[in-house]
Amino acid sequence: MAKVSEAIPVFRGAPPTLDPSKETKITTLPNGLKIASQDAPGHFVAVGVYVDAGTRYEGDEMAGCSHVLDRTAFKSTEKYTTEQLVQQLESLGGNVVAHSSRESIMYQAAVFRHDLDKMVEIFGQVVRRPRLNPEEMDDTRQTTLYEIQDLSQRPDMMLPEYVHGVAFRKPDGTPDTLGRPLLCPVEKLETLSADLLHRYRDLWYTPERIVVAGIGMDHAMLVDLATREFGDMASATPETVKRQKELSQPAQYVGGIELIDTTDLPPSPNPDDRPLTHVYIAFEALSMADPDIYALATLGSLMGGGGSFSAGGPGKGMYTRLYTQVLNRYHWVENCSMVNFSYLDAGLFGIQAAVPPSPEAHAQIIPILCDQLLRMTTEITETELSRAKNQLKSSLLMSLESKVVELEDVGRQVMIHGKRLGVQAMCERIEDLTAEDLKRVARRVVLGDDSPSPLDYGDAAQKPWTRTGDGRATVVVQGPLFEKDAFHDMEKHLRDWRMGKPNNLDGGSSEIKSKTTTAGGGGRKWRFKL
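Presented here is a report on the structure given in the accompanying data block. Given the structure is predicted, the values throughout are model-derived calculations rather than measurements. (Residues numbered from 1 in each chain as written. Predicted model: local features only at pLDDT ≥ 70, side-chain atom pairs only at ≥ 80, totals over all residues. Heavy atoms only, no water.)

Before going further, it helps to examine the sheet that holds strand E6 (residues 210-215). Strand order in the open sheet formed by 6 strands is E1-E2-E6-E3-E5-E4, and the pairing between neighbours is mixed. Every other strand in the sheet has two partners, leaving strand E1 (25-28) and strand E4 (95-100) as the edge strands with one partner each. Across the sheet, the mean angle separating the axes of adjacent strands is 15° when strand polarity is ignored. Alignment of E1 against strand E2 (residues 34-38), held across 4 bridges, turns out to be antiparallel. (Pairing = 2+ DSSP bridges. Helix = DSSP H or I, 4+ residues; strand = E, 2+ residues; numbered from the N terminus. Axes fitted to C-alpha atoms, helices over the stretch in contact; angles between N-to-C directions.)

Below, the structure is given as structure tokens:
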């Protein structure tokens, strides 16, 4: 009888490894549509369709189309009724979603490998041939209105929208490009028609602006399936391309101060809801193609932050600077964290906090936040840097263990850059950063230093960011305001702390346009007044 040890084969030599940075395969069809895939083991595959569209491209006429269009996904098409389509999706038993953002509309699914053919066929119907019949439009309006009403009660969802609207707007104050809201304005929702959605799709759903991406399947198979469903799409006409260019205006950062007074609002019907004052201080930041984007992400990881209540544990960021220097020192601060949004040609980077609504708390939180912003420009220790880099890399690697997350990474990178930068290359760029790199990028953002980045990765997709505004801050405060509230002097506080480009915060800086509105009336057109 053989011994157990003899029955187990012994592997000699280095263990096999999977190369996480293995090149993504990309094929471009004659009509301009791109197909990208990444090999991955497992019984499940992930597949998605990514459209280079979104709220920043809508214009006034088509405002709200992106949001409503993703809410009408997976309803009746030329081939299926809504009931048949729901039955098909339920039989697949996978994870299927549609989502719109400022710069993309995406349709994603994770299904068993043998269901890939069927899922691509469903995407072909949903993306290209929706019916948008009157009954479904009415149902979509009802569900979308309910969604807007629900989200409007959540400051964590709505305040970043307000910050975008103040930061990127037209001369008359109405949000534009990146400032356009993700949610359909209520006044547009009632009149938004199926005809307008079809016109929006005809304008933006052209093959040159579409990527079909997949994780875990043979590339040739995905090319065949995508060609079957999308290969006969007609390329954009010269008139369509002209209109796309007219609506694809570069973002223009303006900034300013907006105080949203909630004094007259009734208390929340939920007794567990604590009244809080929310404060955001943000600045125009780098575009996603700037070589300093990795330093900015690492800086955000170093600052970290979160809520005042946490049981700790791996990955909670309890040793980040905003925990150790703000939340652990000032028990009355409910939460404090960094905000970071990156887009094609601009971004927003800053800090936010929530505090009890009192004159004392309002007066104290301003210097605390400004101090943290300024400390980034001068104080970065090697211990903090090492921890931030390790945390960012581990977060990146752990998130990409999800096929759906990796799918979105592939789809969006190929849509924006025409190729994909592998995770190993990203980690190498993060690891090579120095403390001086982080302080320098903090000065670019917070102090308005326009010195270009010295980093050069030899990447064709690399494009140095050029500031579109004058370097001033964007401040949004929501909460009950008092007669001698410190927030009324926010312009002076920014000038005293030298927030933004100093020459724009001198005595003649009244053009910052500080504005106070009540939460129940007035306000800008993009507000979701219900």
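Turning our eyes to something else, we now look at the side chain of Gln478. Tracing the sequence through the fold places Gln478 in strand E12 (residues 474-479). By relative accessible area, Gln478 is classed as buried at 16%. Sequence-distant contacts of Gln478, defined by excluding residues within four places in its chain, comprise Pro155, Leu159, Tyr162, Ile260, Thr262, Leu276, Thr277 and His278. (Buried < 20%, exposed > 50% of the residue type's maximum accessible area, 1.4 Å probe, protein only. Contact = heavy atoms within 4.5 Å.)

In terms of burial, strand E7 (residues 256-261) is largely enclosed, as 6 of its 6 residues are buried. The alternating pattern of E7 places Gly256, Glu258 and Ile260 on one face and Ile257, Leu259 and Asp261 on the opposite face, and all of these are buried. Judged from the 6 bridges that link them, E7 and E12 form a sheet pairing that is parallel. Note on E12: the bridge partner recorded for Leu259 is Val477.

Attention now moves to empty space enclosed by the protein. In total, this model carries 2 cavities of 30 Å³ or more according to the counting rule given. Forming the boundary of the largest cavity are 14 residues, of which Leu69, Thr72, Ala73, Val126 and Pro130 lie nearest the centre. Looking at the lining of the largest cavity residue by residue, the classes come out as 9 nonpolar, 3 polar and 2 charged. Each pocket or cavity is described by its volume, and for the second largest cavity that value is around 50 Å³. Along its surface, the second largest cavity is lined by Ser301, Leu302, Tyr319, Thr320, Arg321, Glu384, Arg387, Ala388 and Gln391. Mapped onto the lining of the second largest cavity, the elements with two or more residues apiece are helix H11 (293-303) and helix H14 (382-399). Looking at the lining of the second largest cavity residue by residue, the classes come out as 3 nonpolar, 3 polar and 3 charged. (1 Å grid on protein atoms, 1.4 Å probe; cavity = no way out; pocket = protein on both sides within 12 Å on 5 of 7 lines; lining within 4 Å. Points joined across faces, edges and corners; volume = space filled by probe spheres on them. Nonpolar A, V, L, I, M, F, W, Y, C, P; charged D, E, K, R; others polar.)

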